[in-house]
4 protein chains.
Amino acid sequence: MFRYERPVRFAEVDAARIVFFARYLDFCHDALEALFAALPGGYPQLTMVRGVGIPSVHIEADYKAPLRYGDTALIDVSVERIGARSVTFRHALSRGADGVLCASIRQVVVLCRLDELAPVDIPDDVRALLSQHLSLP
Amino acid sequence: MFRYERPVRFAEVDAARIVFFARYLDFCHDALEALFAALPGGYPQLTMVRGVGIPSVHIEADYKAPLRYGDTALIDVSVERIGARSVTFRHALSRGADGVLCASIRQVVVLCRLDELAPVDIPDDVRALLSQHLSLP
Amino acid sequence: MFRYERPVRFAEVDAARIVFFARYLDFCHDALEALFAALPGGYPQLTMVRGVGIPSVHIEADYKAPLRYGDTALIDVSVERIGARSVTFRHALSRGADGVLCASIRQVVVLCRLDELAPVDIPDDVRALLSQHLSLP
Amino acid sequence: MFRYERPVRFAEVDAARIVFFARYLDFCHDALEALFAALPGGYPQLTMVRGVGIPSVHIEADYKAPLRYGDTALIDVSVERIGARSVTFRHALSRGADGVLCASIRQVVVLCRLDELAPVDIPDDVRALLSQHLSLP
């Protein structure tokens, strides 16, 4: 599991004063960018130099409690499945202060060459990194 | 069914030059705000004056093709189910130029008083509006 | 002068429930994208096909009144100056309902080849379009 | 002076693959939120509990070099002037890797009660905090 922590920002809430539902996906991507930082050059080098990225093909999100300005979000990322070219992540977003689970998000991505968005086999170093965060069966 | 059309904006793509996966949910909300404009005062009056909103509790998104800068997105919203306090929307996002389906998104919302995020029965005028966009069984 | 109109969106306000100060620049860019739509293929063709864009080099913004959710923003764009390679825009953002001026923004951009961000002379068709919106002296 | 450091995120660049000009103001606000974290409860408590915020009334931004995905932004905030009710900040945004100055931004804010957006005298603890970051004359 990989934990990423970040405060909710002043502009991330909506007119109802809770974090806008689309922003939760931004939080998940922030966590993934942090997870990939363990590779040399991180996600920037993977995407911009090696030309490989992880476009999402499927998202399932269950929203359970609001996040508000002043909350810190904890995003716990685990890898549920590593296929030949696809990866399934689980993100558990909780509030730092009381540990309340705010959202549970399942994200399926496909490794792709970004120039033509064509699927590619997961590179070995990416597979090794992801394997470190595999959730136990 | 309700159709909402909007161009992709210059800042809505990511470093891979495709619309960022979280933005698709922003597009869906734009469409819902437009759909609710049929009520007097629209979604602003519903939320800010009457104090009732539609926080999401569940999202399922299938991404099928990219949207890029220069594309116009068509968002076709239909109402799949109207419960006592919850509504299920279906959003089909397609590219204006060629009609290719880019994403299919199912969104379940719960009508809530926004001050305390407590569920409420769907107001009659909201139910009547949503009924106009019910998908046929 | 070129007028662009758009509602404030639910997610564009911040925790103080007013449009976040950075979003005003997004509004200005939305207006410019609409202004450039008068060219064949619009701003997407100019930037993505011809490879020419308008990075900002200078912004001056005076914020005078808040925009809130439910407001419609009117953005009145005029061209103050057209140089060899630079353009100065004036954006007056006002509230649709009462015409109150919310912000006055001066934006200087330089025409650039986007691949290397190198300044280029303003193409003739761009100059002709901008000339239509020149403010009178 | 107060230094805040953050990576450019994957979704913060635009179709030209450089950080969108409006995002620079988001970066500045991130830095201010971090600066105010030195107060008990930070900026969330100041705004949401004490009801006092710092709406911007004036921005001047000079953009000098692009930020791209993979860059880390250093935001150096200094306080240029503390008035009775207003504060002038200077933000120098530079690239972490080579120290190149990317933007210089001057921001004038007015301390306000957020419920009615009415100016208030700068609270003593806020003044004390800001004084620590006063630039030397």
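Report follows, based on the coordinates. What you see is a predicted model; the values in this text were computed from it and never measured.

Let us look at the relation of the copies chain B and chain A. It takes a turn of 180° to lay chain B on chain A, together with a shift of 0.0 Å along the axis; the resulting RMSD is 0.0 Å. Given the turn and translation reported, the copies of this chain are related as if by a two-fold rotation axis. Every residue of chain B has its C-alpha some distance from the rotation axis, and the shortest such distance is that of E60 of chain B, at 2.2 Å. With an isologous cut-off of 70% or more, the 100% of interface residues of chain B that recur at the interface of chain A puts this contact in the isologous class.

What follows concerns the pattern of salt bridges. Inspection of every chain in the model, using the stated rule, returns 56 salt bridges over all chains. Close ionic contact of D26 of chain C with R23 of chain D constitutes a salt bridge, the shortest N to O distance being 3.0 Å. With D26 of chain C in helix α1 (residues 23-36) and R23 of chain D in helix α1 (residues 23-36), the pair connects residues from two separate chains. Classification of D26 of chain C as buried rests on a relative accessible area of 14%. Assessed through its relative accessible area of 14%, R23 of chain D is described here as buried. Through salt bridges with shared partners, a single ionic network connects R6, R9, E12 and D30 of chain A together with R6, R9, E12 and D30 of chain D.

On to the relation of the copies chain D and chain B, then. What relates the pair of chain copies is a rotation about an axis plus a shift along that axis. Placing chain D over chain B gives an RMSD of 0.0 Å and needs a rotation angle of 180°, together with 0.0 Å of translation along the axis. Of the interface residues in chain D, 100% have counterparts in chain B that sit at the interface too, so the contact is made through matching surfaces.

The next subject is the interface of chain D and chain B. Listed by partner, the interface residues are 10 residues for chain D and 10 residues for chain B. Summed over both partners, the interface of chain D with chain B comes to about 950 Å²; 65% of that surface belongs to carbon and sulfur atoms. It is F10, A15 and R17 of chain D in chain D that bury the most area against chain B; as a group they hold 53% of the surface buried on that side. Our count for the chain D to chain B interface comes out at 0 salt bridges. At the surface where chain D touches chain B, the tally comes to 4 residue pairs in polar contact (both at pLDDT 80 or more). Across the side of chain D that touches chain B, the residue classes break down as 7 nonpolar, no polar and 3 charged.

Turning our attention to the sheet that holds strand β5 (residues 86-95) of chain B. Neighbouring strands of a sheet are bound in pairs by backbone hydrogen bonds; such pairs are parallel or else antiparallel. Taken in spatial order, the 10 strands line up as β1(A)-β4(A)-β5(A)-β6(A)-β3(A)-β3(B)-β6(B)-β5(B)-β4(B)-β1(B) in an open sheet, and their pairing is antiparallel. Edge positions in the sheet fall to β1 (2-7) of chain A together with β1 (2-7) of chain B, since each has one partner strand and no second. Each adjacent strand pair in this sheet contributes to an overall mean axis angle of 20°, direction not counted. Note: β5 of chain B against strand β6 (residues 101-110) of chain B, 9 bridges, orientation antiparallel. Residue T88 of chain B lies in a different strand from β6 of chain B, and its bridge partner there is V108 of chain B. Docked against the sheet, helix α3 (residues 124-131) of chain A engages β4 (72-82) and β5 (86-95) of chain A, running at close to 120° with respect to β4 of chain A. The strands that helix α1 (residues 23-36) of chain B touches are β3 (56-63) of chain A together with β1, β3 (56-63), β4 (72-82), β5 and β6 of chain B; relative to β1 of chain B, the one it contacts most, it runs at about 125°.

Before going further, it helps to spend a moment on the interface of chain B and chain A. Chain B puts 24 residues into the contact, and the matching count from chain A is 24 residues. A combined buried area of about 2200 Å² lies between chain B and chain A, and 66% of that area is made up of carbon and sulfur atoms. Put simply, chain B and chain A have 10 residue pairs in polar contact (both at pLDDT 80 or more) between them. When residues of the side of chain B that touches chain A are assigned to their parent elements, the largest contribution, 8 residues, is made by β3 of chain B. For the side of chain B that touches chain A, a count of residues per class yields 15 nonpolar, 4 polar and 5 charged. The pairing of β3 of chain A with β3 of chain B spans 5 bridges and is antiparallel. Considered in β3 of chain B, the bridge of I59 of chain A is made with A61 of chain B.

Each value, and the rule that gives it
Residues numbered from 1 in each chain as written. Chains lettered and ligands numbered in written order. Predicted model: local features only at pLDDT ≥ 70, side-chain atom pairs only at ≥ 80, totals over all residues. Heavy atoms only, no water. Least-squares fit on C-alpha atoms with pLDDT ≥ 70 in both. Contact = heavy atoms within 4.5 Å. Salt bridge = Lys/Arg side-chain N within 4 Å of Asp/Glu carboxyl O. Helix = DSSP H or I, 4+ residues; strand = E, 2+ residues; numbered from the N terminus. Buried < 20%, exposed > 50% of the residue type's maximum accessible area, 1.4 Å probe, protein only. Buried area = accessible area lost by both parts, 1.4 Å probe. Polar contact = N/O pair within 3.5 Å; in protein donor to acceptor, adjacent residues only side chain to side chain. Nonpolar A, V, L, I, M, F, W, Y, C, P; charged D, E, K, R; others polar. Pairing = 2+ DSSP bridges. Axes fitted to C-alpha atoms, helices over the stretch in contact; angles between N-to-C directions.

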